[in-house]
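# Reading the structure
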Amino acid sequence: MSDAETPDDYDVTDDSPAATGDDEFEPVQVFPESEDMDLRPGSDDCYKCSTCDTNCPVAEVDDDFPGPKFQGPEQWRLKRKDDHDIDDSVMKCSNCMRCDSACPSEVPLSQMHNTARGSFVENQMDKLSPEYIRNRILSNYRTSAWLASKVPRLSNFMMNFGPARWVMEKTLGVTAERDFPEFAEQTFREWWVERGGAQVENPDKRVAYFHGCYSNYNTPEVGKAMVEVFEEFGYEVMVPDQGCSGTPMFANGMLDDARRHAETNVENLVAAIGEGADVIASCTSCSLSLRQEYPELFDIHGIEDVSEHTYEALEYLRIHEDLEGELDGSEVDFPDLAYHAPCHARNQGLDGQAIEVVDRIDGVEAEDVGDSCSGISGTYGWKAEKYDLSMEIGEEMFEHMEDAEGDVGMTECPTCAMQMGHGTGYEIRHPLEVLEAALVSEDTSSA
Amino acid sequence: MAIEDDVLVIGGGVAAVASALAARETGARVRLIAHKQSTLRQASGLIDVLGYHPEGADDESRTAPISDPFGALDAVPEGHPYERVGEEAVRGGLDLFDDAVGDAYAGGHTDRNALVPTHGGTVKPTARYPAGAAAGLASDERDAFLVGFDAVTGFDADVAADHLRAAGVPFDVRGATLRFPGDLRDDAKLTRYAHLLDQNDEIEVDGQSRPAREALAERVKAHLGGHERVGFPAILGDAEPAGVRADLADSLGADVFEVPMGPPSLPGMRLSDMLFEALEDAGVHVETGNPVVDVEADGDRVDRVIAEHTATRVPYRAEQYVLATGGLVGKGIRSDRERVYEPIFDLPIPQPEDRYDWFEEGAFDDHPFARFGVPVDRETRPLDADDEPAYENLRAAGAVVGGYDFAAEKSGSGVSLATGYAAGTGAGERA
Ligand SMILES: Cc1cc2nc3c(=O)[nH]c(=O)nc-3n(C[C@H](O)[C@H](O)[C@H](O)COP(=O)(O)OP(=O)(O)OC[C@H]3O[C@@H](n4cnc5c(N)ncnc54)[C@H](O)[C@@H]3O)c2cc1C
Ligand code: SF4
Ligand code: SF4
């Protein structure tokens, strides 16, 4: 967590006088939260070593991007003095948060970028521009996915139907180079209801599963694996109502949208925590969002509670169970894997764990393909003007995947998985699926 | 439950890596947890063991560079980390280093310091240097040409050449400042140049598009004259610097070397990456991104430490622990207006009562703050207020250890390697 102080009575997105308690709201004021969310200590901590700049995958390939040091502490300082506009380059930042984990001085860079982006979108962006509309659609993936999942086959067809893609690229700037992810015939939640909800009851061991949009609509097999593995360890799994984690919204400066979802999530997760559950996510961007970005950006009752009780699924088992003991001696027939650690896993210190855990299982070889960024960063790589950059960033990962023994990829992040598949043609699996095969499945084939 | 190992190393710099590798060599199961990236990424990538005599030596010998650092080890004052761990550990640490980096580094063939020209045009005595700097040594008598770029700040080739001449190097050296081909933005990031050269991307020059390495060589050639070696600021590739250098040398018909730069530093980043690869090859479990914030003790043993994963607290248990969290810059030691302290174990750090005594008058005097750190016994165990080991199973390594001034002595990485070797070996053998 950053050194910066969190707001104590309002959030950055609600600028109504009633909410701010400040009836002289100044619309062009930059970082309008600055009186309450004081990023100054963080900004002052910057001693300009430029370590953040050398970690930024976008600055490495995009000559027009001035880098995190400028976007964060420098711009913040600049803006405080004059009433300058926020530099539009802030929209080029992909929110990979690598700068955040790099800074030796604990400057809260991503928090600065998120607030600057929010303020840029709110005050400087034309709400009728194709770019705004496109970003809004991309970041509200959950809404589109919800609709699409009602008619998955038609959606799968339409989403990748040539002429429709052409129109999307021309009018909205959504690249036609990528295949839209397939929608599952049955969503995770539909499966959950159909099987009759939780099959283990246990007042002492409970987890609330934050499945996120992607494992609900696109890869329910990940959600099922999560449920089965946790039930195997005797946990009662709860699946509270939930919205989007907000990750794609932060990256696009749509803080109002993000806040709306955050309110739903916090309310329902706090209720689950009240019933003795910890919160578990299978997507590392979701867990990062609940743990770090929520309390950095919003002040919602219970938000700290959610932050303190949230874990990534494997991480939770490593802490609370003898996962290694269980896995020792287990054997599965699973293809060899080329593993990529998502940037957001890295930010939580989880970049080494998947390999470490999978290594205990006989019959699976997993190889880390290095610490480069996959380049897709959520919605970033879907934007027509960013597509080439996104592939250039990903190049190193693709090469390392090709060099690795396995021809199947593994990662925790759904969008990294898309990029890995797109760049190499490999099928991509989630570590929980490997665990499920080792610990749960009777049939140990790779199904 | 907690996450369990034999040896847990806290930190992510040279000291932590050396500790983890040394512990691993004893056969222990080892985990390393680092919060942020280490100061290595800002350091020049040179591995200094002892470049100048430490405090205590007379003034005259303090201004002359040391040519044989091993010969000078006997002269270090009591309490200095080298005195604590002895020459064997210094050699052990360097051996670990040489094994880890292979032929990416040179200097291991001799006990003597090499003299490496730096970006400011000074000549630095150092024990190990990147292979990319090898053709630039000041003891080499071939004439040298230094190339700077307008947009790459921190290296003025003409000034550096002047300084080197003034320092009396035994060769002729000239410098020129050019424009990097392809018109990058004025404050382009270091990694942008490196990426261009690594990928050998096509760039536009005079309306023509050509591969970056070729375009660069072409531009330099016009100025080369008869010089046999050419020095560039250290921006020549990140993923494959050797290939970039070889291509440039081919096109130029001259040897090519990199001049180590100030922060941020590509040689430092490359080294950091190599060391982390060595950890992976050795089978050390590595976790980065979260700080260790607390300790739970059982009498005079550390029972577990607590890492903060964003807001959740995660326990880690081991038989033996190594603290390698760095000094004031690495955040292993912190200071506020009241005191200097070690934040995880709250180990005592000797310091003058009055904070105005932390500094001396002159910028280059012996400042007490430069030597702040935890005092250790000969097994590198931090001492408590009664000079007894604070915990029987806790050792310390690197800049968190006090009693030396790495900037004045040019001993930063050497002390990290030596204490890391001693701490890691000791921890591994007892785990
Ligand atoms: C600008 C600069 C230039 C230098 N140039 C040179 C040079 O040319 N040659 C040379 O030999 N030396 C040089 N040095 C010195 C050298 O980098 C250091 O002296 C030495 O290597 C310190 O290494 P370390 O491993 O002890 O600590 P550091 O490299 O400081 O690493 C400390 C690590 O511990 C981590 N950490 C801190 N607190 C915690 C916590 N609570 N939990 C988990 N992890 C934590 C940090 O995130 C970091 O990864 C330079 C130093 C600086 C700052
Ligand atoms: S890494 Fe941190 S201290 Fe260094 S320039 Fe970036 S923000 Fe500033
Ligand atoms: S979040 Fe990622 S893309 Fe954005 S500035 Fe930081 S490192 Fe660069």
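This is a predicted model, so every value here is computed, not measured. The residue count restarts for each chain, going from 1 along the sequence in the order it is written. All chains are assigned letters beginning with A, and all ligands numbers beginning with 1, in the order in which they are written. Local features in this predicted model are restricted to residues whose pLDDT is 70 or higher, and side-chain atom pairs enter the listing and the counts only when it is 80 or higher, whereas totals over whole chains, interfaces and linings include all residues. Only heavy atoms go into the side-chain values, all of them from the structure, while hydrogens and water stay out.

This brings us to unusual backbone geometry. Cis geometry marks the peptide bond from proline 263 of chain B to proline 264 of chain B, where omega comes out at -10°. The helix and strand labels rest on DSSP assignments: H or I over at least four residues marks a helix, E over at least two residues marks a strand, and numbering proceeds from the N terminus. Mapped onto the secondary structure, proline 264 of chain B falls in the loop between β12 (255-259) and α9 (266-282). Even without being a glycine, serine 377 of chain A presents a positive backbone phi close to 40°. Assignment of secondary structure puts serine 377 of chain A in the loop between β6 (366-368) and α23 (387-403). Although it is not a glycine, asparagine 200 of chain B sits at a positive phi angle of roughly 50°. By the element assignment, asparagine 200 of chain B lies in the loop between α6 (190-199) and β9 (202-205).

Looking now at the site of ligand 3. In the neighbourhood of ligand 3, 13 residues make up the surrounding shell, with Cys56, Cys93, Cys96, Met97 and Cys99 of chain A lying closest. A class-by-class count of the residues in the shell around ligand 3 yields nine nonpolar, three polar and one charged. By convention in these notes, a residue is near a molecule or strand provided one of its non-hydrogen atoms lies within 4 Å of it. Under this grouping Gly is polar, as are all residues other than the nonpolar Ala, Val, Leu, Ile, Met, Phe, Trp, Tyr, Cys and Pro and the charged Asp, Glu, Lys and Arg.

Residue and element names in this part refer to chain A. Should DSSP find at least two bridges between two strands, the strands are taken to pair. Reading across the sheet, the four strands line up as β6-β5-β7-β8 and stay open at both edges, with parallel pairing between neighbours. Looking at the sheet topology across the chains shown, the edges are occupied by β6 and β8 (427-429). Pairwise comparison of adjacent strand axes, ignoring direction, gives a mean angle of 35° for this sheet. With three bridges joining them, strand β7 (residues 408-410) and β8 adopt parallel strand pairing. Following the sheet pairing, valine 408 is matched in β8 by glutamate 427. Between the N-to-C directions of two axes lies an angle of 0 to 180 degrees, each axis being a line fitted to C-alpha atoms and, for a helix, fitted only over the stretch in contact.

With that settled, the discussion passes to the site of ligand 2. As a matter of local geometry, ligand 2 sits amid 14 residues, with Cys46, Cys49, Ser50, Cys52 and Cys103 of chain A nearest to it. Elements represented by at least two residues in the shell around ligand 2 include exactly α3 (51-55) and α5 (68-81) of chain A.

With that settled, the discussion passes to the nonpolar core. Put simply, a nonpolar core is a bunch of buried Ala, Val, Leu, Ile, Met, Phe, Trp, Tyr and Cys residues held in one set by side-chain atoms that sit within 4.5 Å of each other. Three exposure classes are used, based on accessible area relative to the maximum for each residue type with a 1.4 Å probe and protein chains only: buried under 20%, partly exposed in between, and exposed over 50%. Counting 73 residues, the largest nonpolar core has Met226, Phe230, Val237 and Leu435 of chain A together with Val305 and Phe345 of chain B as the members making the most contacts within it. Filtering out sequence-adjacent residues up to four positions away, methionine 226 of chain A remains in contact with Val207, Tyr209, Val237, Ile280, Ala313 and Leu432 of chain A. Membership of the second largest hydrophobic core comes to 51 residues, among which are Val147, Leu178, Ala217 and Leu224 of chain B. The contact rule is simple, with two residues in contact once any of their heavy atoms fall within 4.5 Å.

All right, on to the pattern of salt bridges then. Once their charged atoms are close, side chains differing in charge can pair, the charge on each being opposite to the other. Salt bridges are defined as contacts in which a side-chain nitrogen from Lys or Arg sits within 4 Å of a carboxyl oxygen from Asp or Glu. Considering all chains together, one arrives at 57 salt bridges over all chains under this definition. As a salt-bridge pair, arginine 189 of chain A and aspartate 241 of chain A come within 3.0 Å of each other at their nearest N and O atoms. With arginine 189 of chain A in helix α12 (residues 188-194) and aspartate 241 of chain A in the loop between β2 (236-238) and α15 (247-251), the pair connects residues that are 52 residues apart, well separated along the chain. Take arginine 189 of chain A: its relative accessible area is 24%, and that puts it in the partly exposed class. Salt-bridge contacts for glutamate 319 of chain B lead to arginine 301 of chain B; the nearest nitrogen and oxygen are separated by 3.5 Å. One end of the pair, glutamate 319 of chain B, is in strand β16 (residues 312-323); the other, arginine 301 of chain B, is in strand β15 (residues 301-309), with 18 residues separating them in the sequence. Residue glutamate 319 of chain B is classed as partly exposed on the basis of its relative accessible area, which comes to 32%. One salt-bridge network, in which partners are shared between bridges, spans Arg318, Glu324, Asp328, Glu356 and Arg360 of chain A together with Asp5, Arg29, Arg31 and Glu287 of chain B.

Every contact between the two is made by 40 residues of chain B and, on the other side, 52 residues of chain A. Accessible-area loss on putting two parts together, using a 1.4 Å probe and summing over both, is the definition of buried area adopted here. Contact between chain B and chain A buries roughly 3,600 Å² in total, counting both sides, with carbon and sulfur atoms accounting for 46%. Along the contact surface separating chain B from chain A lie seven salt bridges. Residues glutamate 287 of chain B and arginine 318 of chain A are paired through a salt bridge, measuring 3.3 Å at the closest nitrogen-oxygen approach. Under this definition, polar contacts are N or O atom pairs within 3.5 Å; protein pairs additionally need one hydrogen-donor-capable and one acceptor-capable atom, and for neighbouring residues in sequence, both atoms have to be side-chain atoms. Counting across the chain B and chain A interface gives 20 residue pairs in polar contact (both at pLDDT 80 or more).

All names here are of chain B. β12 sits mainly inside the fold: four of its five residues count as buried. As defined by bridge partners, strand β11 (residues 229-233) adjoins β12 across five bridges and the pair is classed as parallel. Following the sheet pairing, proline 233 is matched in β12 by valine 259.

Residues and elements named next belong to chain A. Interaxial distance between helix α7 (residues 109-124) and helix α17 (residues 284-297) falls to 10 Å at its minimum, and their mutual angle equals 55°. One finds that α7 runs oblique with respect to α17. Crossing of α7 against α17: the hand is right-handed. Between α7 and α17, the residues in contact are Ser110, Gln111, Asn114 and Thr115 and Gln292, Glu293, Glu296 and Leu297, respectively. Taken together, the residues of the contact of α7 with α17 break down into one nonpolar, five polar and two charged. For this classification, under 35 degrees means roughly parallel, over 145 means roughly antiparallel, 65 to 115 means roughly perpendicular, and everything else is oblique. Left-handed describes a crossing in which the near helix is turned anticlockwise from the far one by less than a right angle; the clockwise case is right-handed.

Residues and elements named next belong to chain B. One can find leucine 178 in strand β8 (residues 173-178). Along the backbone, leucine 178 and leucine 216 are 38 residues apart, and their C-alpha atoms lie at a distance of 9.9 Å. Look past the residues within four positions of leucine 178 in its chain and what remains in contact with it is Val147, Gly148, Phe149, Asp150, Arg219, Val220 and His223.

The subject of this paragraph is the sheet that holds strand β7 (residues 144-149) of chain B. Picture the strands of a sheet paired through backbone hydrogen bonds; they go either parallel or antiparallel. All names here are of chain B. If you walk across this open sheet you meet the four strands as β8-β7-β11-β12, and the pairing is parallel. Single-partner strands in this sheet number two, and they are β8 and β12. With direction set aside, neighbouring strand axes in the sheet form an average angle of 25°. Where β7 and β8 come together, six bridges link them in parallel fashion. Looking across to β8, one finds that leucine 146 is bridged to glycine 175. Along the sheet face, helix α5 (residues 157-166) touches β7 and β8 and points at about 170° away from the line of β8.

Residue and element names in this part refer to chain A. The terminal C-alpha atoms of α17 lie 18 Å apart, and with 14 residues this matches the ideal 20 Å at 1.5 Å per residue to within 8%. Bend at a residue means the angle formed by two fitted axes: the first through the 7 residues ending at that position, the second through the 7 residues beginning there. Most pronounced at leucine 290, the bend in α17 amounts to some 40°. Burial runs high along α17: 14 of the 14 residues are buried. For a helix, the expected span equals 1.5 Å multiplied by the residue count minus one.

Attention now moves to the confidence of the model for chain A. This prediction gives chain A a mean pLDDT of 84; 85% of its residues lie at or above 70. A residue's pLDDT is simply how confident the predictor is in it, with values from 0 to 100. Ignoring residues within four places in sequence, the model shows residues 1-36 of chain A, a span with pLDDT below 50, making 80 contacts including any to other chains.

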